[in-house]
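# A structural walkthrough
Chain residues, written in single-letter form:
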Amino acid sequence: MLNLTYEILIHLEDAKAMVEIELTRLAPSRKIYGALGQLEKRGWVKKTVETNQKKYVLTPAGQQFIDSTLSQLRDKPISDHWTFVMFDIPEKRRGLRAQLRALLTHLGYGTLQPSVWISTIGNTEKIEQFALKHNLSHRIHILSVSKWDVQPTIIARVWNIKKLASRYNRFNRAAGTLLKKGGSENTRMSAKELIFDFALITGSNPNIEESLLPKDWPATKAFALYEKLRPLARGS
């Protein structure tokens, strides 16, 4: 379920450091090297060479990403305030445009239009920091609306509810299967990976009234399974 890049990240966070041969047990070498290259490029992993062996460690930025992702699992009060983020970033800075969209996705925003994103969570501090860091304050605008009579059809389109439900259902099946296996070192790591995957899914979940979501929304079951996975991930 979890892609290889994130899987490596979770294993490094757990082990603190891993040599190259340990990492190649997770997947074929070619795929491992490609994923490590992505992690190094993002500044989440650092490579050192000791006694002719390559060793990889998690960087503070990598740990911050993990912590930020897992923070999505905290309870978020439902709000009837909507935050709109609108931006106009020119094509010559499309790399920054892609970074902003990735940030908005990570913060739980949905796409109303390609350059208009919405959320009930707000969480605008990191967006404002991004704008200041890249001199984009004049091109990124944030608007708060106290009330918006949004329709379920808009929610379904903005957050791609069918795809999101599918991700929750896959998590529910995998978590249910793992919980039946009981505790071991392998299941402990699998539980940690599943919890991180669940945090990524939850970050994309619209924090809205249940009346706007489909019946039998699978997130409810997913949160119950997550609570059962936590002791398994701790090895208890």
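Presented here is a report on the structure given in the accompanying data block. In this text the structure is predicted, and so the values were computed from the model without any measurement.

## A few points about the side chain of R188
- With respect to the helices and strands, the residue R188 is situated in helix α9 (residues 185-203).
- Side-chain polar atoms of R188 contact the side chain of D14, separated by 2.9 Å.

## Looking at the packing of aromatic side chains
- Per the counting criterion, the structure on display carries 12 aromatic pairs.
- Ring geometry for W82 versus W159: centroids 6.3 Å apart, planes at 45 degrees, classification tilted. Of this pair, W82 sits in strand β4 (residues 82-87) while W159 sits in the loop between α7 (152-158) and α8 (161-181); the two residues are 77 residues apart in sequence, bridging distant segments of the chain. Residue W82 shares its accessibility class with W159, and that shared class is buried.
- Put simply, the rings of Y168, F171, F198, W217, F223 and Y226 touch in pairs and so form one group of aromatic residues.

## A word on the nonpolar core
- W82, I155, Y168, F171, W217 and L229 are the most contacted members of the largest nonpolar core, which totals 34 residues.
- Look past the residues within four positions of F171 in its chain and what remains in contact with it is M1, L194, F198, I201, A222, L225, Y226 and L229.
- Counting residues in hydrophobic clusters, the runner-up holds 23 residues, among them L36, L39, M189 and L200.

## Here we look at α9
- Between its terminal C-alpha atoms α9 stretches 27 Å, which fits the 27 Å expected from 19 residues at 1.5 Å a residue.
- Along α9, 15 of the 19 residues are buried, which leaves the element largely enclosed by surrounding structure.

## Some words on the sheet that holds strand β2 (residues 45-50)
- Reading across from one edge, β1-β3-β2 is the order of the 3 strands in this open sheet, with antiparallel pairing throughout. For this open sheet the edge positions go to β1 (17-19) and β2, each flanked by a neighbour on one side alone. Strand-to-strand twist in this sheet, taken as the mean axis angle between neighbours without regard to direction, amounts to 25 degrees.
- Sheet topology note: the β2/strand β3 (residues 53-58) ladder contains 6 bridges and is antiparallel. When the bridges of β3 are listed, K47 appears paired with Y56.

Calculation rules
Residues numbered from 1 in each chain as written. Predicted model: local features only at pLDDT ≥ 70, side-chain atom pairs only at ≥ 80, totals over all residues. Heavy atoms only, no water. Helix = DSSP H or I, 4+ residues; strand = E, 2+ residues; numbered from the N terminus. Polar contact = N/O pair within 3.5 Å; in protein donor to acceptor, adjacent residues only side chain to side chain. Phe/Tyr/Trp six-rings, centres within 6.5 Å; stacked < 30°, edge-to-face > 60°. Buried < 20%, exposed > 50% of the residue type's maximum accessible area, 1.4 Å probe, protein only. Core = buried A, V, L, I, M, F, W, Y, C linked by side-chain atoms within 4.5 Å. Contact = heavy atoms within 4.5 Å. Expected span 1.5 Å × (residues − 1). Pairing = 2+ DSSP bridges. Axes fitted to C-alpha atoms, helices over the stretch in contact; angles between N-to-C directions.

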